[in-house]
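Chain residues, written in single-letter form:
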Amino acid sequence: MTPGAPSPPGARLAAVLQELRQRTGLSLAQLAHATTYSKSSWERYLNGKSLPSRSAVKELCRLADEPAHHALALLDIARTDRTEDSGPGLGEAVRQGTAGGADTPAPAPSEHADGEGAPRDTVDDLVSGPSATAPGGTDHALVRPTGHRRANVVTGLLSVCAVALGVLVLIHLPPTHRDEPAPTPTPSAATGALCRHTACENRDPIETRCAAEPLTLAEHETATGAWIQLRYSQECGTSWARMWGAVVKDRVEMRVGGRHGSLRSAEVTTPEEADTYVHTLMSVIGPDTPVQACFSSGAGGERECFEAESSPSGGDGS
């Protein structure tokens, strides 16, 4: 991959965004007017120069009348790929997942975004002007006319009088308003998980919002190029496995609590799932609970398994 070029997941996301934009029939300027993101931001997103926020993807999908889950899944994979390229190697402490980053719309460009500001005159240019020399080549102090000095004194006196008059007016003015208490902030909509611990058992991590800010316990790249991650939600106290880069009939299994523990599985059944990712349902996990994930290729071959390298209690909690 050449420097500055998007990663394969990033390029795939950019292609989907381009298709959605074409479906809307909007130009970049019209797209910026219809959303909370600037024209330059959309140019970067659509060309794969930078990854958009989740809210930008949702706004574009809304304009294209398209469900957002496919594009958001591609964004999730692109973010994970970028983290793997720039972050620490595998086997270190529990790492923060990238499923839910903060959505901050890019600020609108200023009126002088092209760098051409308004002309600026300095006080030195107005008062001093260019240096002057006396005839004959010798330097002498510049003698200002007395009329100019007298005008400066008069101007200063007028300014002092104006300030004093303004202070007197303000002192004697009656109060025009009463101090009002600060408005009570409107409580924001609940964004936390919809279940906790045993109530999350065998439920979907996305539907329950447990996948909003997960940790990655461990991950593994298979011989076929698919990726498997063991995910963990501190808020929900649950774990699940997810897989991407797979093909139809590839399968992932997660077992919690040893050989006789709970088993969850997911299989790629459609090309759309192969283009994004699949995930298992959740299992409740406690401190030092063993978690194992296994991959089975739809084309056959040896089963690949791995375990989490860090328990939830052993991570940094970030």
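Below: a short report on this structure. (Residues numbered from 1 in each chain as written. Predicted model: local features only at pLDDT ≥ 70, side-chain atom pairs only at ≥ 80, totals over all residues. Heavy atoms only, no water.)

So, the side chain of Ser 283
Point 1. Among the structural elements, Ser 283 can be located in strand E8 (residues 283–284).
Point 2. Assessed through its relative accessible area of 0%, Ser 283 is described here as buried.
Point 3. A polar atom in the side chain of Ser 283 sits 3.3 Å from the side chain of Arg 264.
Point 4. Discounting residues that sit within four places of it in the chain, Ser 283 has contacts with Glu 201, Gly 237, Thr 238, Ser 239, Met 254, Val 256, Ser 262 and Arg 264. (Helix = DSSP H or I, 4+ residues; strand = E, 2+ residues; numbered from the N terminus. Buried < 20%, exposed > 50% of the residue type's maximum accessible area, 1.4 Å probe, protein only. Polar contact = N/O pair within 3.5 Å; in protein donor to acceptor, adjacent residues only side chain to side chain. Contact = heavy atoms within 4.5 Å.)

Quick notes on the nonpolar core
Burial of nonpolar side chains together is a common tendency in soluble globular proteins.
Point 1. One finds Ile 228, Leu 230, Met 243, Val 252, Met 254, Val 291 and Phe 306 to be the most contacted residues of the largest nonpolar core, which totals 21 residues.
Point 2. Every residue in contact with Met 243, bar those within four places of it in the chain, is listed here: Trp 227, Ile 228, Asp 250, Arg 251, Val 252, Ala 266, Val 268, Thr 276, Tyr 277, Val 278 and Phe 295.
Point 3. Counting 19 residues, the second largest nonpolar core, distinct from the first, contains Tyr 45, Val 57, Ala 64 and Leu 75. (Core = buried A, V, L, I, M, F, W, Y, C linked by side-chain atoms within 4.5 Å.)

Overview of the pairing of strand E3 (residues 227–233)
Point 1. Among the 7 residues of E3, 6 are classified as buried, and the element is accordingly described as predominantly covered.
Point 2. Across 6 bridges, the pairing between strand E2 (residues 215–221) and E3 is antiparallel. Looking at the pairing, Leu 215 lines up with Tyr 232 of E3.
Point 3. Summarising the sheet, E3 and strand E4 (residues 238–244) pair through 7 bridges and their orientation is antiparallel. (Pairing = 2+ DSSP bridges.)

Thoughts on the state of the cysteines
Point 1. Counted by the stated rule, this structure contains 3 disulfides.
Point 2. There is a disulfide in this structure between Cys 210 and Cys 236, and the S-S distance comes to 2.0 Å. Around the S-S axis, the bridge from Cys 210 to Cys 236 shows a dihedral of about -95° and counts as left-handed. A residue pair is termed long-range when its members are at least 10 positions apart, and Cys 210 in the loop between helix H7 (146–172) and E2 and Cys 236 in the loop between E3 and E4 qualify at 26 residues.
Point 3. When its relative accessible area of 2% is taken as the criterion, Cys 210 is described as buried.
Point 4. By relative accessible area, which is 0% here, Cys 236 ends up buried.
Point 5. For the protein chain, the bonded cysteines connect in the pattern 1-2, 3-4, 5-6 when numbered consecutively along the sequence. (Disulfide = S-S within 2.5 Å.)

Quick notes on the packing of helix H1 (residues 8–24) against helix H4 (residues 54–63)
Point 1. Close contact between H1 and H4 brings their axes to 8 Å; oriented N to C, the two are set at 40°. One finds that H1 runs oblique with respect to H4. The way H1 lies across H4 gives a crossing that is left-handed. For the pair H1 and H4, the contacting residues are Leu 17, Leu 20, Arg 21 and Thr 24 in the first and Val 57, Leu 60, Cys 61 and Leu 63 in the second.
Point 2. Split into classes, the residues belonging to the contact of H1 with H4 amount to 6 nonpolar, 1 polar and 1 charged. (Axes fitted to C-alpha atoms, helices over the stretch in contact; angles between N-to-C directions. Parallel < 35°, antiparallel > 145°, perpendicular 65-115°, else oblique. Left-handed = near helix turned anticlockwise from the far one by under 90°. Nonpolar A, V, L, I, M, F, W, Y, C, P; charged D, E, K, R; others polar.)

Some details on the packing of aromatic side chains
Point 1. A complete count under the given rule lists 4 aromatic pairs for this structure.
Point 2. Relative to Tyr 45, the ring of Tyr 37 lies with its centre 6.3 Å away and its plane at 70°, an arrangement referred to as edge-to-face.
Point 3. In this structure Tyr 37 comes out as buried when scored by relative accessible area, which is 2%.
Point 4. Their ring planes at 85° and their centres at 5.7 Å tell us that Trp 42 and Tyr 45 sit as a pair that is edge-to-face. (Phe/Tyr/Trp six-rings, centres within 6.5 Å; stacked < 30°, edge-to-face > 60°.)

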